[in-house]
Amino acid sequence: MTKYMQFYRSIDTAICEGKLLEPFRTVDVQTACPQYTLAQCRHYLSRHAQGKATGAFELFQRVAIGQFIRLPFYVKRDSYIDLLEPLFLPEDPISNDIIRYFASVLRVLGMEDKGWDPYSESRAILNDLNGFFSLELPKKWFRNPDETHWRLGLLIYTHIVEMDAPYEVILNLLRFRIGDGYSPNPYFDYLTKNEQKSFRKRGVSTGRKIEIIKTLSEKADLQVGAIFDDFYNNRLRNAISHSDFILTESGFRCRGGISGTKGFEVSFDELDRKRPVMPRFQAFSGCQFQGMSSSMRLIL
């Protein structure tokens, strides 16, 4: 872990333990985290504050002169880490057969040679799309760079929420926790008989995968399933996938098919809370790209 992330985690721990309150000043941090000198606290808070032109990783937001808070992205991310920790790092990985645990994490499917796992390509696509956000798009080719970034963010959203690997890993780890073992097809056992009959042709929808995860989360006495409520919106996903939307001055507008009877709008502020983007994205159209897909990116 880098030194600045160690500093951030120390602050996060101090806040969780009630030793530090937001907003905090440099002297407050030094009191709560005595392993750092006042000069070190001042350096890290200033250098990693949002909006600095140094190119440093942004971790804090300056809300007043000398006062800071953690960026909302990291607050949400840390809450997801707490929810996912007992799933990915079980206290007892032995009783339910530790081999099944590793099979769940590694997504073991059988004998495969190189070049068959689509997960690696998905990561490459996300990294490529994410790279555009660090570029200054020339107006010669992009008439409205702000809207271009929104459109790229929507593509990233649909790609992440449709990926198979994150759901499979979470569901198999839940299966492991409740003693149902590992399965290359972790959903099938929990489908209705009619769904099992049509599985070969239709597979399992994203919404149904989330329903099964929520059911097993409750059975495992965990709150993992609630994570998806933060960012998954089936109407939004469907509109983007079928190119049934436009961007207006106020946000995202879907016609809802030819008839228009199922049309809806999503403001840029609300859209920003749904979109899975990386924390280093900068502000566009007056909105900060923080997103609420931390859970998916933890698995990615």
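Note on numbering: residues in each chain are counted from 1, in written sequence order. Residues qualify for local features only when their pLDDT is at least 70, as the model is predicted, and side-chain atom pairs are given and counted only at 80 or more; totals for whole chains, interfaces and linings, by contrast, use all residues. Calculated side-chain values reflect all of the structure's heavy atoms, with hydrogen atoms and water omitted.

1. Things to note about the packing of helix α7 (residues 145-162) against helix α12 (residues 234-241)
When two helices pack together, their arrangement is given by the angle between the helix axes and the distance between those axes.
Working step 1: Between N-to-C directions, angles span 0 to 180 degrees; the directions come from axes that are lines fitted to C-alpha atoms, helices contributing only their stretch in contact. Numbering goes from the N terminus for both helices and strands, where a helix is a DSSP run of H or I of at least four residues and a strand is a run of E of at least two. In contact at an axis separation of 10 Å, α7 and α12 are set at 115° when each is read in the N-to-C sense. In terms of orientation, α7 and α12 fall into the roughly perpendicular class. Regarding α7 and α12, the two cross each other, and that crossing is left-handed. Of the residues in α12, those in contact with Leu154, Tyr157, Thr158, Val161 and Glu162 of α7 are Leu236, Arg237, Ile240 and Ser241.
Working step 2: Under this grouping Gly is polar, as are all residues other than the nonpolar Ala, Val, Leu, Ile, Met, Phe, Trp, Tyr, Cys and Pro and the charged Asp, Glu, Lys and Arg. Taken together, the residues that form the contact of α7 with α12 break down as five nonpolar, two polar and two charged. An angle below 35 degrees is read as roughly parallel, one above 145 as roughly antiparallel, one from 65 to 115 as roughly perpendicular, and any other as oblique. Crossings are sorted by hand: turned counterclockwise from the far helix by less than a right angle, the near helix makes the crossing left-handed, and turned clockwise it makes it right-handed. Here, residues are in contact when the closest pair of their heavy atoms is within 4.5 Å.

2. A word on the sheet that holds strand β3 (residues 245-247)
Working step 1: The pairing criterion is simple: DSSP has to find at least two bridges between the two strands. Reading across from one edge, β3-β4-β5 is the order of the three strands in this open sheet, with antiparallel pairing throughout. Of all strands in the sheet, those bounded by a partner on one side alone are β3 and β5 (264-267). Averaged over all neighbouring strand pairs, the angle between strand axes comes to 20°, with direction disregarded.
Working step 2: In the sheet, β3 pairs with strand β4 (residues 251-254) via three bridges, with the strands oriented antiparallel. Across the sheet, the residue bridging to Leu247 is Phe252, located in β4.
Working step 3: The strands touched by α7 are β3 and β4; relative to β3, the strand with the most contacts, the crossing angle is about 145°.
Working step 4: Sheet strands in contact with α12 are β3, β4 and β5, and its direction is about 80° off that of β4.

3. Focus on the nonpolar core
Generally speaking, nonpolar side chains in soluble globular proteins are found buried as a group.
Working step 1: Definition of nonpolar core: a set of buried residues of the types Ala, Val, Leu, Ile, Met, Phe, Trp, Tyr and Cys, connected through side-chain atoms within 4.5 Å. Remark: exposure states derive from per-residue accessible area (1.4 Å probe, protein chains only) relative to the maximum for the residue type, with buried under 20%, exposed over 50%, and partly exposed in between. With 39 residues, the main nonpolar core has Leu87, Leu174, Phe252 and Leu271 as its most contacted residues.
Working step 2: Elements with a contribution of two residues or more to this core: α4 (72-88), α7, α8 (164-178), α11 (206-219), α12, β4, β5 and α13 (268-274).
Working step 3: Counting residues per element, this core draws most heavily on α8, at seven residues.
Working step 4: In contact with Phe252, other than residues within four places in its own chain, are Leu154, Leu236, Ala239, Ile240, Phe245, Ile246, Leu247, Phe264, Glu265, Val266 and Leu271.
Working step 5: Counting residues in hydrophobic clusters, the runner-up holds 22 residues, among them Leu20, Ala32, Tyr44 and Leu45.

4. Quick notes on the confidence of the model for the chain
Working step 1: Scored by pLDDT, the chain has a mean of 84; 88% of the residues are at 70 or more.
Working step 2: A low-confidence stretch, residues 276-300 (pLDDT under 50), is modelled with 92 contacts involving residues beyond four sequence positions or located in other chains. pLDDT runs from 0 to 100 and stands for how confident the predictor is about each residue.

5. Observations regarding the side chain of Ser104
Working step 1: As for its position among the elements, Ser104 is in helix α5 (residues 98-106).
Working step 2: Residue Ser104 is classed as buried on the basis of its relative accessible area, which comes to 1%.
Working step 3: A polar atom in the side chain of Ser104 sits 2.8 Å from the backbone oxygen of Arg100. A 3.5 Å cut-off defines polar contacts: any pair of N or O atoms within that distance qualifies, except that in protein one atom must be a possible hydrogen donor and the other a possible acceptor, and neighbouring residues in sequence count only when both atoms are side-chain atoms.

6. Digging into the packing of aromatic side chains
Working step 1: For Phe, Tyr and Trp, where Trp contributes only its six-membered ring, two rings pair if their centres lie within 6.5 Å, and the inter-plane angle classes them as stacked under 30 degrees, edge-to-face over 60, or tilted in between. All chains considered together, the criterion is met by 15 aromatic pairs.
Working step 2: Residues Tyr36 and Tyr44 carry aromatic rings whose centres are separated by 6.3 Å and whose planes lie at 85° to one another, so their mutual orientation is edge-to-face.
Working step 3: Judged by relative accessible area, Tyr36 falls into the buried class, the value being 11%.
Working step 4: A centroid spacing of 4.6 Å and a plane angle of 35° characterise the contact between Trp150 and Phe268, whose relative ring orientation is tilted. Here Trp150 is found in helix α7, whereas its partner Phe268 is found in helix α13, with 118 residues between them in sequence. In this structure, Trp150 and Phe268 share a single accessibility class: buried.
Working step 5: The structure contains a cluster of three or more aromatic residues connected by ring pairs, namely Phe7, Tyr8, Phe24, Tyr36, Tyr44 and Phe60.
Working step 6: Put simply, a charge is over a ring when the Lys NZ or the Arg CZ is close to the ring centre, within 6 Å, and near the line of the ring normal, within 35 degrees. Taking the ring centre of Phe264 as reference, the NZ or CZ of Arg235 above it sits at 4.1 Å.

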